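So you can see what is in the structure, the chains are spelled out below.
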Amino acid sequence: MRIERIKNGIVMDHINAGVGIEILNLFPKELLHTRIDYAAFIDSPSLGEKDIIKIENLNVDPATLMKMAILSPKITISIIRDGKVSKKIRPTVPPVIEGVLTCDNPKCVTRQEPYLATKFKVSREENRFIRQCLYCEHIFQTKIGTLS
Amino acid sequence: MIMGSFTGRHIIDTADLSNEEILYLVDTANAIQNMGEKALDLARGKTLATLFWEPSTRTRLSFEAAMFNIGGQVLGFSEAQSSSVSKGETLADTIKTVSQYADIIAMRHPMEGSALAASHFSDSPIINGGDGAHLHPTQTMGDIYTLFKEKGRLEGLKVGFLGDMLFGRTIHTLARVLARFGVEMTFFSPEGLNIPSYVRADLEEKNATFSEFTDLEPTALKDLDMLYVTRIQKERFFSEEEYLRKKNSYVINRKILENAKNDLLVLHPLPRNEEISTDVDALPNAGYFRQAKYGLQMRMAIIASCLGRI
């Protein structure tokens, strides 16, 4: 399979192998009516294996970037304009995340009062992403490639 | 100098209080008891709103009695059906509105984190009277005051907790404070009702000395200075069958107390079911009704302090 250059859009590289499909799921389906090249489990000197995704004519917002960094810590995003890389982003996860993730505790107040922005204290231990809700204090652990 | 630092402050979590502030509230509760009728001036002209989205007669009455005892007035609701929630009002709107009527708000709400959320929208101090299975700081402060009144200290005490450690919010809050004062703790709970991971993580972070057991061996009580017993709450279970299976896992009676120290203090946040036999009530060890009195006195201290009147 050949991955073509794109003129305008985004290239997501260094995605943990097999996690690309979760990255794609971050975008609303109606935005994905465009050319998408997705290569999975390809050789990578730094990761062993990795996924790469190129999507034409698409932008990415900061909340989605943060979710990408949670799903795949080494991901890089290149913004392509007129066939050239106009910006390269290596998204990181701040120690406290506001309004991006939902709390998995069904009894958390943020589930009943949706106008409240969720707030989590986060950390990473080996391959686990740990987040603690700052409202209900419940702690959740997820593996690479999952958000809940 | 702590005096005045409580003025206008929300009381959401005992974790927000320093050890010094906790001891200040204990001293304030004592001081108010020594004021006699002058205590009636502490909240004169002030109004407490008790907003209880879920029923809790005891906690609500304790808050209301506390406010009356320091000369204030009370308004509020005691179930969601009689509030605007039944008309679809958000928590934020209820709080924004009521904080225009009341100088201070005591609230109980079934959702965890609700008191913290409410504090973001309130113009008056919020006192958390229980947010789901999460926190119950005024119960804890009353329990701390009880330990000082009955044992004279916290440091070096050995304390046991018995019953539902998973949903028992009073236990979560109390254990986390006792850990800060060097109290050694033992938890006895049926399988599946152990302390939640976030409480265990917090105790470990504080380097607390604690152990957990699923069986209550009679000899397990022998070194304890205080045993804190809790009801296995029916409303926390998903099925009647599961509740019936677990509710009688542990019962404290005179016979089992023969294995304990003579001055073992037995506490319970009340209401109780069968987990403490009524034959214990006449023993000096039974501290649970005195505990209710000390809880009321502590709430007087908290309200007066947050109103900036002491």
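First, a word on scope: everything that follows refers to the structure included in this document. (Residues numbered from 1 in each chain as written. Chains lettered and ligands numbered in written order. Predicted model: local features only at pLDDT ≥ 70, side-chain atom pairs only at ≥ 80, totals over all residues. Heavy atoms only, no water.)

**Some details on the interface of chain B and chain A**
Stage number 1. Contacts between chain B and chain A engage 18 residues on the former and 16 residues on the latter.
Stage number 2. Buried area between chain B and chain A, summed over both chains or domains, comes out near 1,400 Å², and the portion from carbon and sulfur atoms is 56%.
Stage number 3. The largest share of the area that chain B buries against chain A comes from M111, E112 and Y198 of chain B, three residues that together contribute 41% of it.
Stage number 4. Counting across the chain B and chain A interface gives 1 salt bridge.
Stage number 5. Residue E137 of chain A pairs with R176 of chain B through a salt bridge whose shortest N-O separation is 2.8 Å. (Contact = heavy atoms within 4.5 Å. Buried area = accessible area lost by both parts, 1.4 Å probe. Salt bridge = Lys/Arg side-chain N within 4 Å of Asp/Glu carboxyl O.)

**Comments concerning the sheet that holds strand β2 (residues 73-77) of chain B**
Residue and element names in this part refer to chain B.
Stage number 1. Spatially, the 4 strands line up as an open sheet ordered β2-β1-β3-β4, and their pairing is parallel. A single partner strand is all that each edge strand has here, and the edge strands are β2 and β4 (126-131). Within this sheet the neighbouring strands show an average axis-to-axis angle of 15°, counted without direction.
Stage number 2. Sheet topology places strand β3 (residues 104-109) next to β4; 4 bridges connect them, and they run parallel. By the bridge assignment, M107 is partnered in β4 with N128.
Stage number 3. Most of the contacts of helix α2 (residues 57-69) go to strand β1 (residues 47-52), to which it runs at about 180°, and overall it touches β1, β2, β3 and β4. (Pairing = 2+ DSSP bridges. Helix = DSSP H or I, 4+ residues; strand = E, 2+ residues; numbered from the N terminus. Axes fitted to C-alpha atoms, helices over the stretch in contact; angles between N-to-C directions.)

**Re the packing of aromatic side chains**
All names here are of chain B.
Stage number 1. For the structure shown, the criterion picks out 9 aromatic pairs over all chains.
Stage number 2. Here the aromatic rings of F6 and Y24 are separated by 5.7 Å at their centres, their planes lie at 10°, and the arrangement is stacked. Remark: Y24 occurs in helix α1 (residues 19-33) and F6 occurs in the segment before α1; sequence separation between them is 18 residues. Neither F6 nor Y24 differs from the other in exposure class; each is buried.
Stage number 3. Arranged with centres 5.7 Å apart and planes meeting at 85°, the rings of Y145 and Y294 form a pair that is edge-to-face. Here the residue Y145 occupies a position in helix α5 (residues 137-151), and Y294 occupies one in helix α10 (residues 288-306), the gap between them amounting to 149 residues. (Phe/Tyr/Trp six-rings, centres within 6.5 Å; stacked < 30°, edge-to-face > 60°. Buried < 20%, exposed > 50% of the residue type's maximum accessible area, 1.4 Å probe, protein only.)

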